[in-house]
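Survey of secondary and tertiary structure
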Amino acid sequence: MRKTRLTAFFAVLLLAVVSVVVIGCGGGSDSTTGGGGSETSAGGGGEPLTVGSDIPYPPFEQGKPGSYTGFDVELMEAIAEKIGRTAEFQDTSFETIFRDLAQGKFEAVISAATITQEREQAVDFSNPYYLSEQAVLVKEGSDVKSLEDLEGKTVAVQQGTTGQELAKEELGGSEIRPYPEGPDAINALKAGTVEGVIIDAPVAQNAVEKSGGVEIAEKVSTNEDYGIAVAQGETELLKEINDALQEVKDDGTYTKIYKKWFHAEPPKEIFTANHEPE
Amino acid sequence: MSEFFHQYFDFNYMGEHFWEVLEAFLQNLLIFAVVAVLALTWGLILALLRQLPGKKFMPVRFFTIAYIDLFRAIPILIVILLISGGIPFLEFIPKEIRIPHWFGKPDPFWYGTAALMLVYGAFTAEVYRAGIEAVPGGQMEAARSLGMSHWQAMRHVVVPQAVTLIPAPMLNEMISLLKDSTLVSVIAFAESVLISRELLAESFNSSALLLTGFFFIVIILPLARIVDKLIARNQGKITRGSHIEVA
């Protein structure tokens, strides 16, 4: 009895030592070398601007830590450069993103986030940087041709998104399944466990192009404007972001990034789109 | 500081959503109950297969050990994601089994319970095995010398003694199982963590999560005390000599 316990104890000890050594090797460099080895993403140098985003949400945000990319990411990097700072992205979960912003875990949020009154009670939004639609994504050859056709059927959405709100409003008799991440919802559609996904149109478009087997049945305009969020009271940072966003729109950088990710001309309204924080 | 308390300890908010969260927590208990029955049975089968004697049962022992090792090593979250994402694609399986809606429960419920059963079957098998192996070898030899077959000796002599040894470690497994039932939230089954996070997304208030945690504490703390009692009782038996009373 005693011996086996001792063996078990040493086994646990060994495991603990190994994990400490492994973790130590990974993270130890910046603690020993001081300022030398801090990670930075590409940008304009200067003080880092910490940005929260729920990754992946292609084509808005995608990629691995250290090399995030996507429409939001490139736009934010361009904006940060105009301000004279370097955008540093932090992957976080969407349903806590505004709370974390309010608590100061990062300075700004760019995460395909629609400006809503509800969210504006917690944070402040910049001028719109993207005008969005929701898409009803279905399997290829499905009988579902519109949002109404999903009534009474099983529908997947991403938790905490406007797609979920739309589903709740329009589809009272349906079972709505909120998945923590968008790709999980689309996977459920492909697997056939749900009959439709209501999600941001570009995300749906990306799924159609990249994954195949699915198609967009209908696009629903919901007057959704995406904005960059900052904590309430950060008026100076908000002004800097708004000014930089306008510059990026005016000098053609915006159009370039938009074309790269959405393969289309940006709508004209976006260049004059304004938003007054409440 | 007050922001922190408002965020996590808003008792008004907890009161408003008490029944909603409790109802969702009952779903966790339901997952737990279904999986506990299935995993305890499946684990016993695995443990007995693993104890089969002789050369001809070598392949059975091999596959059982491989199964147990495999499912003890893979994180449950991965098993849940693989089953819910993979099984529906296997079109040779009839649709009623591939995408089950048995007893009015949606398919994520069944994918979750299946995944938890596969994993916890492996864990409980190890607990059974520890119990069986703790029964002195002389018991099996004596039973065999009386003319019993391996199965008879197992059924009438070894397993009845083994089960008196395992309640404590088995209860520990069951406590983990109850907590792991929250993992089914990742495939969008409406249990307590998913509902709490829904409320969080709606109101930006985390208090519902804390309420959920409170429900788990209420159920699990008494169980943990029982585990302590059982361990103390077993210790007593062992120090009194290796004689084990059959309950």
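No experiment lies behind these values; they were computed from the predicted model shown. Along each chain, numbering runs from 1 in the same order as the chain's sequence is written. The naming scheme follows written order: chains are lettered A onward, ligands numbered 1 onward. Only residues with pLDDT of 70 or above have their local features reported here, since the model is predicted, and side-chain atom pairs are shown and tallied only from 80 upward, although totals for entire chains, interfaces and linings are computed over all residues.

A few words on the overall build of chain B. Only runs of H or I of at least four residues qualify as helices and only runs of E of at least two qualify as strands under DSSP, and these elements are numbered from the N terminus. Across its full length, chain B carries 12 helices and 0 strands. Secondary structure elements of chain B, listed N to C terminal, follow the sequence α-α-α-α-α-α-α-α-α-α-α-α. Along the three orthogonal principal directions, the C-alpha set of chain B runs to about 70 × 55 × 30 Å. Field definition: a residue is buried when 20 or more other C-beta atoms are found within 10 Å of its C-beta, exposed when 12 or fewer are, and partly exposed for counts in between, with C-beta atoms placed from the backbone. In chain B, buried positions account for 35% of the 247 residues. Contacts are defined on C-beta atoms placed from the backbone: any two residues whose C-beta positions lie within 7 Å are in contact. Taking contacts inside chain B between residues at least 6 apart in sequence as the whole, the part at least 24 apart equals 78%.

The next point concerns the packing of helix α2 (residues 71–83) of chain A against helix α8 (residues 235–250) of chain A. A pair of packed helices is characterised by two quantities: the angle between their axes and the separation of those axes. Residues and elements named next belong to chain A. Between α2 and α8, the shortest axis-to-axis distance is 9 Å and the interhelical angle comes to 110°. With respect to α8, the element α2 is oriented roughly perpendicular. Considering how the two elements wind past one another, α2 and α8 form a crossing that is right-handed. Touching L75, A78, I79, K82 and I83 of α2 are E240, I241, A244, L245, E247 and V248, all from α8. Grouping the amino acids of the contact of α2 with α8 by side-chain chemistry returns 8 nonpolar, no polar and 3 charged. Comment: axis = line fitted to C-alpha atoms, over the contacting stretch for helices; angle = value between 0 and 180 degrees taken between N-to-C directions. Relative orientations are named as follows: roughly parallel for angles under 35 degrees, roughly antiparallel for angles over 145 degrees, roughly perpendicular for angles from 65 to 115 degrees, and oblique for any other angle. Crossing handedness follows the turn of the near helix against the far one: under a right angle anticlockwise gives a left-handed crossing, and clockwise gives a right-handed one. When residue character is reported, Ala, Val, Leu, Ile, Met, Phe, Trp, Tyr, Cys and Pro are called nonpolar, Asp, Glu, Lys and Arg charged, and the others, Gly included, polar.

With that settled, the discussion passes to the domain arrangement of chain A. All names here are of chain A. By domain assignment, chain A separates into domain 1 (48–129 + 227–271) and domain 2 (132–224). Relative to domain 2, the C-alpha centre of domain 1 lies at a distance of 24 Å. In this complex, domain 1 contributes 10 residues to the contact, which on the side of domain 2 involves 12 residues. Its residues placed into classes, the side of domain 1 that touches domain 2 shows 8 nonpolar, 1 polar and 1 charged. Where each domain starts and ends follows an automatic or database-derived domain assignment.

Moving on to the interface of chain A and chain B. Chain A puts 17 residues into the contact, and the matching count from chain B is 14 residues. At the level of secondary structure, the elements contributing two or more residues to the side of chain A that touches chain B comprise α3 (97–102), β7 (175–179) and α6 (182–191) of chain A. A total of 4 residues in the side of chain A that touches chain B trace back to one element, the largest contributor, which is β7(A).

Residues and elements named next belong to chain A. Pairing between two strands is assigned when DSSP locates at least 2 bridges connecting them. Sheet architecture is open: 5 strands sit in the order β7-β6-β8-β5-β9, paired in mixed fashion. This sheet does not close on itself; its edge strands, each paired only once, are β7 and β9 (214–226). Averaged over all neighbouring strand pairs, the angle between strand axes comes to 25°, with direction disregarded. Each of β5 (130–139), β6 (154–158), β7, β8 (196–200) and β9 touches helix α5 (residues 162–170); the most contacted strand, β6, lies at about 150° to it.

On to unusual backbone geometry. Residues and elements named next belong to chain A. In this model, I55 is joined to P56 through a cis peptide bond whose omega is 10°. Within the element layout of this structure, P56 appears in the loop between β1 (48–53) and α2. Cis geometry is adopted by the peptide bond preceding P59, which originates at P58 and carries an omega value of 0°. Mapped onto the elements of the fold, P59 is located in the loop between β1 and α2. Of note in the backbone geometry, A112 takes a positive phi value of approximately 50° without being a glycine.

Residue and element names in this part refer to chain B. At a minimum axis distance of 10 Å, the contact between helix α7 (residues 107–134) and helix α10 (residues 167–180) shows a crossing angle of 170°. Between α7 and α10, the crossing angle belongs to the class labelled roughly antiparallel. By crossing handedness, the relation of α7 to α10 is classed as right-handed. Here L116, Y120, F123, T124, V127 and A130 of α7 come into contact with α10, specifically with P169, M170, E173, L177 and D180. Class assignment of the residues belonging to the contact of α7 with α10 gives a composition of 8 nonpolar, 1 polar and 2 charged.

Okay, the sheet that holds strand β4 (residues 123–125) of chain A next. All names here are of chain A. Strands sit in the order β2-β1-β3-β10-β4 across an open sheet of 5 strands; the sheet is mixed. Two strands close off the open sheet at either side, each with one partner strand: β2 (86–91) and β4. For strand β3 (residues 108–109) and strand β10 (residues 229–231), the ladder comprises 2 bridges, and the chain directions are antiparallel. Note on β10: the bridge partner recorded for A108 is V230. Together, β1 and β2 form the strand contacts of α2, whose direction differs from that of β2 by roughly 145°.

On to the confidence of the model for chain B. Residue and element names in this part refer to chain B. Each residue gets a pLDDT score, which is the predictor's confidence in that residue and runs from 0 to 100. Averaged over every residue, the pLDDT of chain B is 88; the share at 70 or more is 95%. Here helix α1 (residues 2–8) stands out as the element of chain B with the lowest mean pLDDT, 80, in contrast to helix α3 (residues 18–50), whose mean of 94 is the highest. Across the whole predicted complex the pTM is 0.70, and at the interface the ipTM reaches 0.71.

This part covers the confidence of the model for chain A. Residue and element names in this part refer to chain A. For chain A, mean pLDDT is 84; residues scoring 70 or higher make up 85% of the total. Averaged pLDDT values for the elements of chain A fall to 59 in helix α1 (residues 2–32) and rise to 96 in β3. The low-confidence segment residues 26–42 (pLDDT under 50) makes 12 contacts with residues lying over four places distant or belonging to another chain.

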